Amino acid sequence: MIKINNGISFPLSETLFVFALDSEAGKEFEDKNKLITGIGKVNATLELTKQIHLKRPQLIVNLGSAGSKNFNKGEVICCTRFIQRDMDVRGLGFGKYETPLSGIPPLLEYGLLLNGTKEGICGSDDSFETDHCEDDYNVVDMEAYPLALVSMKEKIPFLCLKYISDDAGSDAADDWSVQVHLAAKSFKKILFN
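Remember, it's a predicted structure, so these values are computed and weren't measured experimentally. (Residues numbered from 1 in each chain as written. Predicted model: local features only at pLDDT ≥ 70, side-chain atom pairs only at ≥ 80, totals over all residues. Heavy atoms only, no water.)

Engineer: For this particular structure, what's the right way to read the overall build of the chain?
Structural biologist: When its secondary structure is counted, the chain shows five helices and ten strands. The proportion of buried residues among the 193 residues of the chain is 49%. (Helix = DSSP H or I, 4+ residues; strand = E, 2+ residues; numbered from the N terminus. Buried < 20%, exposed > 50% of the residue type's maximum accessible area, 1.4 Å probe, protein only.)

Quick look at the structure:
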C-alpha cells in the first residue's frame, strides 16, 4: 500500500510511478508499475495518456528531479499546485500562465499532500531553468504540470514528489548531473519505509 496520509492509501499494484528519465527511477523502482515518459511536456502528456488508456491506475505518482532556490539540494518536496511557466498570452488580454479559453486557472491545484513532506508550487516548461527569478512558483521542472492536468481530467488521484537536484541557477546543469542519481533512493525511503 502507498499511504498518503491518515485516511488515504492506494494498493501498490494499482499505482503508476511516472518518471521523465530512467536515471530518476534507478533500480529502486524496477519491480513497480513504472512509466518513463521522456523529457518535456509533450512527451509527458502523450505517454501518460497512452498508459492510462492501456491500464487505468488508481493513483498516479510523479517522481523526478527539480530545481529550487527555496528548498535545499537533496530535499523531497510534495507539489500540490502547478503553473505552466512558459504560457504567456498577456498580449491578447489573458493572465500570465493562463491557457486561453481552457477554463483552467493559471494555478492548477491538483495533488495529494504526503504526510511529513514540505509542500511546493511547481512551475513546468520545456526549458532547463538556470536563472530562476519568479516568485509565483518555488520548484521548477519540465513535466509535472501536464501530468497533473491529465490526471485531473481523467479524475485519477495524483501525487507529485520532486527531489531538489539543483538551485535553478548558473550551476544547475552540473548539480543536476550529480544529484539526479540520488533521487530514487530518497523516493523509495519516503514511499516504502
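The structure having been displayed, the exposition proceeds.
Engineer: What is the right way to look at the side chain of E75 in this model?
Structural biologist: For E75, the position within the fold is in the loop between β5 (59-67) and β6 (76-84). Classification of E75 by relative accessible area gives buried; the value is 17%. Not counting chain neighbours up to four residues away, the residues in contact with E75 comprise K118, K162, Y163 and I164. (Contact = heavy atoms within 4.5 Å.)

Engineer: It is not clear to me how the packing of aromatic side chains should be interpreted in this structure. Could you clarify?
Structural biologist: How two aromatic rings sit relative to each other is set out by the distance from centre to centre and by the angle between their planes. Applying the stated criterion to the full structure yields six aromatic pairs. Aromatic side chains F17 and F192 sit 6.0 Å apart centroid to centroid with 70 degrees between the ring planes, which places their arrangement in the edge-to-face category. On the criterion of sequence distance, the pair formed by F17 in strand β3 (residues 15-19) and F192 in helix α5 (residues 183-192) is long-range, its members being 175 residues apart. Classification of F192 by relative accessible area gives partly exposed; the value is 25%. (Phe/Tyr/Trp six-rings, centres within 6.5 Å; stacked < 30°, edge-to-face > 60°.)

Engineer: What is the right way to read the nonpolar core from this model?
Structural biologist: Soluble globular proteins: nonpolar side chains tend toward being buried together. Within the largest apolar cluster, 26 residues are counted, with the highest numbers of intra-cluster contacts made by L48, F82 and V139. Those elements that place two or more of their residues in this core are β3, α2 (41-54), β5, β6, α3 (144-153) and β10 (158-166). Examining the composition of this core, we find that six residues originate from one element, α3, more than from any other. Excluding its chain neighbours within four sequence positions, the residues that come into contact with V139 are A66, G67, S68, F71, I77, C79, I121, C122, G123, K162 and I164. I2, F10, A25 and V61 belong to the second largest nonpolar core, which has 21 residues in total. (Core = buried A, V, L, I, M, F, W, Y, C linked by side-chain atoms within 4.5 Å.)

Engineer: It is not clear to me how α2 should be interpreted in this structure. Could you clarify?
Structural biologist: Residues three or four positions apart in an α-helix share a direction because the helix packs 3.6 residues into each turn. Helix length check: α2 (14 residues) gives 20 Å between terminal C-alpha atoms against 20 Å at 1.5 Å per residue, within 8%. Every buried residue of α2 is listed here: K41, A44, L48 and I52. Along the axis of α2, the buried positions cluster into a sector of 60 degrees, meaning they face one direction only. What points out from α2, more than 90 degrees from its buried face, is the exposed set V42, H53 and L54. Tucked inside the fold, the buried residues of α2 contact β3, β4 (34-36), β5, β6, β8 (118-124) and α3. (Expected span 1.5 Å × (residues − 1). Arc of directions from axis to C-beta.)

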